[in-house]
Amino acid sequence: MMHKYKISEAKNCLVDKHIAFIGDSRIRQLFYSFVKIINPQFKEEGNKHENIPFEDKISSVKVDFLWHPEVNGSMKQCIKVWTEDSVAKPHVIVAGAATWSIKIHNGSNEALSQYKTNITSIAPLLEKLARTSDVYWVLQDPVYEDLLSENRKMITNEKIDAYNEAAVSILNSSTRNSKSNVKMFSVSKLIAQETIMESLDGLHLPETSRETSAMILMNVCCNKVLKPVDGSCCQPQPPLTLIQKLAACFFTLSIIGYLIFYIIHRNVHRKNKPCTDLESGEEKKNIINTPVSSLEILLQSFCKLGLIMAYFYMCDRANLFMKENKFYTHSTFFIPIIYILVLGVFYNENTKETKVLNREQTDEWKGWMQLVILIYHISGASTFLPVYMHIRVLVAAYLFQTGYGHFSYFWIKGDFGIHRVCQVLFRLNFLVVVLCIVMDRPYQFYYFVPLVTVWFMVIYVTLALWPQIIQKKANGNCFWHFGLLLKLAFLLLCICFLAYSQGAFEKIFSLWPLSKCFELKGNVYEWWFRWRLDRYVVFHGMLFAFIYLALQKRQVLSEGKGEPLFSNKISNVLLFISVVSFLTYSIWASSCKNKAECNELHPSVSVVQILAFILIRNIPGYARSVYSSFFAWFGKISLELFICQYHIWLAADTRGILVLIPGNPTLNIIVSTFIFVCVAHEISQITNDLAQIIIPKDNSSLLKRLACIAAFFCGLLILSSIQDKLRH
């Protein structure tokens with residue numbers, strides 16, 4: 001992956017550095033493009049066949065081009081001067097030449113032999129410089145022979161390949177006992193193979209191609225210094241932190257513990273196998289199969305989780321696999337969308353119940369939204385504003401379901417017990433906490449989980465605080481409905497206050513230990529931005545749930561199989577309004593000028609398309625009676641899919657794509673997607689199994705477990721503080 005360096009980043013990386021380019025006109029091109037990253041106003045002027053200096057006095061960056069079009073004694077002398085101890089050496093040396101030798105000597109074999117002799121004499125000098133400086137030998141780009149002028153016709157691709165082979169073979173064998181320190185810069189050669197036909201003269205690269213070569217050279221020089229997230233080359237593997245080492249020990253012990261348990265259990269099972277009674281000739285059983293113990297489930301779950309986390313680490317921390325940039329095209333986004341839509345429609349079944357937003361329907365909704373979001377991420381469609389705005393609605397729809405689902409549960413069940421709260425918090429946060437530890441990432445990095453966690457707590461506190469108003473109580477007296485509406489109005493007031501008072505919001509979430517959860521890059525701005533972007537939609541979900549359940553209680557709705565939700569006339573009117581509203585939002589989203597303008601209006605208007613979709617999906621009885629089992633299956637693991645994509649499907653904070661199989665993008669996506677979905681499904685099962693053990697229903701046992709969990713997080717905070725001090 002190539003990071004596009006800004007001027008400030010380039011100057012920051014190259015401060016007090018000296019870079020030298022030595023060679024012919026092609027190296028001069030690379031020099032100009034490299035300098036323009038630091039100073040875009042630098043002009044290509046002056047005598048082309050002489051040295052060209054550049055210096056940025058503010059950052060003390062010095063970049064020189066030294067005109068040496070042939071590998072000869074003149075180039076050797078220039079390099080030899082730097083090998084002397086008393087002379088200051090450039091920090092980076094970029095050298096290369098060949099086309100002049102081919103041109104001047106008319107492509108003769110004698111010229112190639114002389115080139116080999118000259119580069120052989122220079123190789124030890126370059127090797128000596130490479131011990132203290134970064135030395136790159138630029139391989140020659142191919143030419144477009146049809147465009148070459150008459151005096152350059154002898155420069156053929158066959159000759160260029162021969163010169164490149166000579167340079168590689170000599171420079172790579174310049175040290176007998178170890179690998180050569182002189183690096184081959186072959187990227188411009190690879191770029192030229194695709195773009196040289198766009199050249200003006202057949203010899204020099206077009207401007208866009210040489211800019212890419214220069215940016216890659218900047219990545220090579222600076223990625224190890226600035227360590228950008230989306231620059232995957234030339235960075236050292238991050239060292240293991242203390243917390244990561246302890247996590248590795250824990251998972252290793254879990255795997256060993258489970259293997260020991262399995263071996264012992266297997267031996268016991270063998271001893272208790274049915275044996276043949278010699279007298280009767282019949283089999284008799286010594287023991288009845290015992291149920292699986294909690295300890296075995298615990299060890300098995302952590303064993304599987306440990307192996308999965310090892311895979312996560314190898315994919316996104318160990319520099320074992322490559323990563324590639326995303327390049328958005330409409331086809332890479334819309335064609336997969338059509339595929340999954342066809343599959344989703346093909347796999348349909350009848351629902352068990354026909355209520356509005358029944359369980360199968362909400363799973364289906366989560367499933368297709370998650371698949372669309374995954375395609376959006378891997379295709380890089382965020383650069384296309386209409387798609388970006390519709391994806392923002394899908395994220396808002398998840399939060400709408402959070403408000404709707406949790407409000408409905410508390411309102412109907414009236415269960416405000418600690419067990420329910422702990423179950424939800426564990427289900428939401430278990431995987432993220434493990435990944436924060438294993439992958440050394442802050443909690444806020446997985447922004448959606450903190451978002452739904454905080455909103456769940458907001459819903460719980462709003463409804464659990466005195467006076468607790470539930471459906472059973474409200475049915476006896478309509479006054480309680482008014483009381484609940486007052487609670488919701490107060491919640492809306494608090495949301496508005498925090499949305500327009502950034503200072504108050506940041507003060508709350510900058511308090512320790514909240515800051516450890518909600519800070520990203522040293523501040524909580526990112527958290528405030530994410531929270532503010534969908535600040536009203538959870539409230540809308542709660543309000544919708546309240547109105548729907550009130551109408552349902554008063555039997556205003558017809559929710560029988562095949563029946564329209566309202567009378568035919570009202571249903572048709574509402575359907576028409578819903579379709580118009582849905583399309584109106586899409587037209588508005590497509591006409592937005594920029595993301596800032598769209599994001600400002602999004603919190604207030606996203607609910608329009610969400611409500612329109614719900615009505616379109618639920619008013620017709622036949623639509624409410626069926627669901628897509630394909631989408632519903634993915635909906636059940638949507639949380640795991642969203643979190644796992646960061647490390648084993650995408651890469652570099654979702655800015656790139658993980659490459660398991662280089663050179664075959666289609667096969668790579670198929671294989672990585674299959675593994676990714678299997679892992680997400682397995683983690684979902686592990687989370688459910690562990691939730692049953694770690695969060696027991698018995699309150700006294702649960703309080704003990706909570707004390708242990710609190711002690712664990714205290715230890716984690718202490719270790720995190722020690723880790724931060726060691727880093728500084």
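Residues numbered from 1 in each chain as written. Predicted model: local features only at pLDDT ≥ 70, side-chain atom pairs only at ≥ 80, totals over all residues. Heavy atoms only, no water.

Chemist: Account for helix α7 (residues 187-195), naming residues and giving values.
Modeler: Side chains of residues three or four places apart in an α-helix project in the same direction, reflecting 3.6 residues per turn. For α7, every residue scored as buried is listed here: V187, S188, I191, A192 and T195. Taken end-on, α7 shows its buried residues confined to a sector of 130 degrees, consistent with a single buried face. Among the structural elements, β5 (134-138), β6 (183-185) and α8 (207-226) are those in contact with the buried residues of α7. (Buried < 20%, exposed > 50% of the residue type's maximum accessible area, 1.4 Å probe, protein only. Helix = DSSP H or I, 4+ residues; strand = E, 2+ residues; numbered from the N terminus. Arc of directions from axis to C-beta. Contact = heavy atoms within 4.5 Å.)

Chemist: How would you explain the state of the cysteines if you had to name every residue and give the values?
Modeler: According to the stated counting rule, one finds 3 disulfides in the structure shown. Between the sulfur atoms of C13 and its disulfide mate C222 the distance is 2.0 Å. With the S-S dihedral at roughly -90 degrees, the linkage between C13 and C222 falls on the left-handed side. Remark: C222 occurs in helix α8 and C13 occurs in helix α1 (residues 7-14); sequence separation between them is 209 residues. With respect to burial, C13 and C222 carry one shared label: buried. Each bonded cysteine of the protein is numbered by sequence order, and under that numbering the disulfide pairs are 1-2, 3-4, 5-6. Free of any disulfide, C517 has its nearest neighbouring cysteine sulfur in C436, separated by 8.5 Å. (Disulfide = S-S within 2.5 Å.)

Chemist: Got a sec to walk through helix α21 (residues 537-553)? Specific residues and values, please.
Modeler: Between the first and last C-alpha of α21 there are 24 Å, a value that for 17 residues agrees with the 24 Å anticipated at 1.5 Å per step. Each element contacted by the buried residues of α21 is listed here: α13 (385-413), α15 (448-464), α16 (471-476), α17 (479-500) and α23 (595-618). Looking one or two places after α21, you find Q555, whose phi comes out positive at around 55 degrees. (Expected span 1.5 Å × (residues − 1).)

Chemist: Describe in detail the nonpolar core, supporting the description with residues and values.
Modeler: Counting residues in hydrophobic clusters, the biggest one holds 139 residues, and the most contacted among them are M309, F312, W365, Y446, W531, I610 and C644. The dominant element in this core, judged by the number of residues it contributes, is α13, at 17 residues. If we ignore the near neighbours within four places in the chain, the residues touching W531 are L451, W455, I495, L498, A499 and F505. Judged by nonpolar contacts, the second largest core, of 38 residues, contains I22, A111, I160 and Y163. (Core = buried A, V, L, I, M, F, W, Y, C linked by side-chain atoms within 4.5 Å.)

Chemist: So, the sheet that holds β6: which residues are in play, and what are the values?
Modeler: The mixed open sheet is built from 6 strands, whose spatial order is β2-β3-β1-β4-β5-β6. The open sheet has two edge strands, β2 (52-56) and β6, and neither has a second partner. Averaged over all adjacent pairs, the angle separating strand axes in this sheet is 15 degrees, with direction ignored. Bridging between strand β1 (residues 18-23) and strand β3 (residues 61-67) involves 6 bridges; their strand directions are parallel. In the strand pairing of β3, I19 is matched with V63. (Pairing = 2+ DSSP bridges. Axes fitted to C-alpha atoms, helices over the stretch in contact; angles between N-to-C directions.)

Chemist: How would you summarise the layout of surface pockets if you had to cite specific residues and measurements?
Modeler: By volume, the second largest pocket is sized at about 1,700 Å³. Of all elements in the fold, only α12 (359-379), α13, α14 (418-438), α15, α21, α25 (629-636), α26 (638-648) and α27 (665-694) reach the threshold of two or more residues within the lining of the second largest pocket. When residues of the lining of the second largest pocket are assigned to their parent elements, the largest contribution, 11 residues, is made by α13. A breakdown of the residues in the lining of the second largest pocket according to their chemical character gives 18 nonpolar, 19 polar and 11 charged. (1 Å grid on protein atoms, 1.4 Å probe; cavity = no way out; pocket = protein on both sides within 12 Å on 5 of 7 lines; lining within 4 Å. Points joined across faces, edges and corners; volume = space filled by probe spheres on them. Nonpolar A, V, L, I, M, F, W, Y, C, P; charged D, E, K, R; others polar.)

Chemist: With reference to specific residues and values, describe the packing of α13 against α21.
Modeler: Contact geometry for α13 and α21: axes closest at 7 Å, N-to-C directions at 45 degrees. Classed by the angle they form, the pair α13 and α21 counts as oblique. The two elements α13 and α21 cross, and the hand of that crossing is right-handed. Contacts from A396, L399, F400, G403, Y404, F407, S408, W411 and I412 of α13 reach α21 at V537, V538, H540, G541, M542, F544, A545, F546, Y548 and L549. (Parallel < 35°, antiparallel > 145°, perpendicular 65-115°, else oblique. Left-handed = near helix turned anticlockwise from the far one by under 90°.)

Chemist: If you had to explain the pattern of salt bridges to someone new, which residues and values would you point to?
Modeler: Counted under the stated rule, the structure contains 15 salt bridges. Where R392 meets D534, a salt bridge forms, and the shortest distance between an N and an O atom there is 3.2 Å. Within this pair, whereas R392 is found in helix α13, its partner D534 is found in the loop between α20 (525-533) and α21, the two being separated by 142 residues in sequence. Comparing R392 with D534 shows no difference in burial state: the two are buried. Across the salt bridge formed by K516 and D724, the nearest N and O atoms sit 3.2 Å from each other. Separated by 208 residues along the polypeptide, K516 in helix α19 (residues 514-518) and D724 in helix α28 (residues 699-727) bring together distant segments of the chain. Looking at K516, the relative accessible area reads 28%, which means it is partly exposed. Judged by relative accessible area, D724 falls into the partly exposed class, the value being 27%. Bridged by salt links that share partners, the residues K36, E44 and R210 form one connected network. (Salt bridge = Lys/Arg side-chain N within 4 Å of Asp/Glu carboxyl O.)

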